[in-house]
Amino acid sequence: MSRLILVLLLTISLQVNAQQRPSIKNGLESFVKANTIYPMYALENCIQGNMEVAFKVNKEGKITYAAVTKGIGADLDAEALRLIKLTSGKWIIPAGYDTTFLIRTPMKFSLQDYGCEQINPGSVGLAIKQYNDDMASLSKIANFYRNIAEGTENFIEEEKIIDLKKEMGVDEDFIARKLRIAEKKISQGDLESACEDFKFVKYMGSTKADKLLAKYCK
């Protein structure tokens with residue numbers, strides 16, 4: 001069986017001792033392991049490695065700032081950031097905690113038993129570089145269908161867009177996988193990210209997310 005191994009360490013300024021640090025029920029590492037949804041592009045291209053996310057929490061235990069300070073690349077960076085944002089409201093803040101402190105969280109994403117052991121690191125590097133080009137192509141598709149939805153029709157380009165979708169692998173299986181990921185996010189209470197996925201499906205020219213958009217993304 002394929003496994004996702006994720007190692008996470010939490011560090012705060014050395015001025016803060018262990019008793020003064022914010023905490024989360026069962027620990028941040030357990031939370032992240034339980035809620036990680038390995039993103040499609042990173043999974044398909046065996047993208048894994050070390051990264052760091054920095055964030056701040058307020059006295060109510062909500063995330064007030066979060067950013068990837070050391071990324072891996074592709075959609076894995078966005079997933080790491082999503083996971084930290086998902087902890088918002090779940091932090092237990094000790095009395096007197098200085099909410100201006102920047103908490104730094106190193107993360108290690110690693111795939112085991114997923115056929116990635118023999119992958120050439122060079123090919124992974126190329127896949128990371130290719131990611132931005134692929135996102136540009138998907139944006140071109142999304143803009144086409146967004147314009148149609150807004151009444152700005154340009155059907156002259158439709159044949160080219162259909163060919164681009166085939167080239168990018170935007171087929172029924174792709175859409176179904178994207179929807180399954182979004183539905184997992186719904187189960188985690190992450191409506192914001194799920195709605196982004198539903199909108200993405202809509203602007204790939206599919207109606208499969210329309211009912212979900214109406215239900216969750218008003």
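For the structure itself, look to the data block above.
Since this is a predicted model, take the numbers as computed values, not measurements.

## Concerning helix 3 (residues 76-86)
Here comes step 1: Extensive coverage of helix 3 is indicated by the burial of nine of its eleven residues.
Here comes step 2: Taken together, the buried positions of helix 3 are Leu-76, Asp-77, Glu-79, Ala-80, Leu-81, Arg-82, Leu-83, Ile-84 and Leu-86.

## Observations concerning the packing of helix 1 (residues 28-35) against helix 3
Packed helices, taken two at a time, are described by their axes: the angle between them and the distance between them.
Here comes step 1: Where helix 1 meets helix 3, the closest approach of the two axes is 10 Å, and the angle between their N-to-C directions is 120 degrees. One way to sum up the angle between helix 1 and helix 3 is to call them oblique. Where helix 1 crosses over helix 3, the two elements pack in a sense that is right-handed. Two secondary-structure elements touch here, helix 1 through Leu-28, Phe-31, Val-32 and Asn-35 and helix 3 through Glu-79, Arg-82, Leu-83, Ile-84 and Leu-86.
Here comes step 2: For the contact of helix 1 with helix 3, a count of residues per class yields six nonpolar, one polar and two charged.

## Thoughts on the layout of surface pockets
Here comes step 1: For the largest pocket, the calculated volume is near 1100 Å³.
Here comes step 2: Forming the boundary of the largest pocket are 38 residues, of which Asp-75, Tyr-131, Lys-178, Lys-185 and Asp-197 lie nearest the centre.
Here comes step 3: Secondary-structure elements contributing two or more residues to the lining of the largest pocket are helix 2 (40-44), helix 3, helix 4 (121-149), helix 6 (172-187) and helix 7 (191-202).
Here comes step 4: Per-element accounting of the lining of the largest pocket gives the leading share, eight residues, to helix 4.
Here comes step 5: When its residues are assigned to classes, the lining of the largest pocket shows 18 nonpolar, five polar and 15 charged.
Here comes step 6: Here the lining of the largest pocket spans two domains, since at least three of its residues come from each of domain 1 (23-109) and domain 2 (121-217).

## Observations regarding the packing of helix 4 against helix 5 (residues 158-168)
Here comes step 1: Where helix 4 meets helix 5, the closest approach of the two axes is 10 Å, and the angle between their N-to-C directions is 140 degrees. With respect to helix 5, the axis of helix 4 lies oblique. Considering how the two elements wind past one another, helix 4 and helix 5 form a crossing that is left-handed. From helix 4, Asp-134, Ser-137, Leu-138, Lys-140, Ile-141, Phe-144 and Tyr-145 reach across to helix 5, where they touch Glu-158, Ile-161, Leu-164, Lys-165 and Met-168.
Here comes step 2: Among the residues making up the contact of helix 4 with helix 5, the classes are represented as seven nonpolar, one polar and four charged.

## Details of helix 1
Here comes step 1: Of all the positions in helix 1, only Leu-28, Phe-31, Val-32 and Asn-35 are classed as buried. Buried positions in helix 1, seen along its axis, are confined to an arc of 95 degrees and lie on one side of it.

## Description of the packing of aromatic side chains
Here comes step 1: In total, this model carries seven aromatic pairs according to the counting rule given.
Here comes step 2: Where Phe-55 meets Trp-91, the ring centres are 5.5 Å apart and the plane angle is 40 degrees; that geometry is what we call tilted. Here Phe-55 is found in strand 3 (residues 49-57), whereas its partner Trp-91 is found in strand 5 (residues 91-92), with 36 residues between them in sequence. Across the pair, exposure class does not vary: Phe-55 and Trp-91 are buried alike.
Here comes step 3: Their ring planes at 25 degrees and their centres at 6.4 Å tell us that Phe-198 and Tyr-216 sit as a pair that is stacked. Placement of the pair is Phe-198 in helix 7 and Tyr-216 in helix 8 (residues 210-216), with a sequence separation of 18 residues.
Here comes step 4: Judged by relative accessible area, Phe-198 falls into the buried class, the value being 0%.
Here comes step 5: A cation over a ring is seen here: Arg-146 above Tyr-203, with NZ or CZ 4.6 Å from the ring centre.

## What to know about the state of the cysteines
Here comes step 1: Evaluation of the coordinates by the stated rule reveals two disulfides.
Here comes step 2: Between the sulfur atoms of Cys-195 and its disulfide partner Cys-217 the distance amounts to 2.0 Å. Here the S-S torsion is close to -95 degrees, and the disulfide linking Cys-195 with Cys-217 is therefore left-handed. Of this pair, Cys-195 sits in helix 7 while Cys-217 sits in the segment after helix 8, and the two are 22 residues apart along the sequence. The two residues Cys-195 and Cys-217 agree in class, both being buried.
Here comes step 3: In the protein chain, numbering the disulfide-bonded cysteines from first to last in sequence yields the connectivity 1-2, 3-4.

What counts as what
Residues numbered from 1 in each chain as written. Predicted model: local features only at pLDDT ≥ 70, side-chain atom pairs only at ≥ 80, totals over all residues. Heavy atoms only, no water. Buried < 20%, exposed > 50% of the residue type's maximum accessible area, 1.4 Å probe, protein only. Helix = DSSP H or I, 4+ residues; strand = E, 2+ residues; numbered from the N terminus. Axes fitted to C-alpha atoms, helices over the stretch in contact; angles between N-to-C directions. Parallel < 35°, antiparallel > 145°, perpendicular 65-115°, else oblique. Left-handed = near helix turned anticlockwise from the far one by under 90°. Contact = heavy atoms within 4.5 Å. Nonpolar A, V, L, I, M, F, W, Y, C, P; charged D, E, K, R; others polar. 1 Å grid on protein atoms, 1.4 Å probe; cavity = no way out; pocket = protein on both sides within 12 Å on 5 of 7 lines; lining within 4 Å. Points joined across faces, edges and corners; volume = space filled by probe spheres on them. Domains from an automatic or database assignment. Arc of directions from axis to C-beta. Phe/Tyr/Trp six-rings, centres within 6.5 Å; stacked < 30°, edge-to-face > 60°. Lys NZ or Arg CZ within 6 Å of the ring centre and 35° of its normal. Disulfide = S-S within 2.5 Å.

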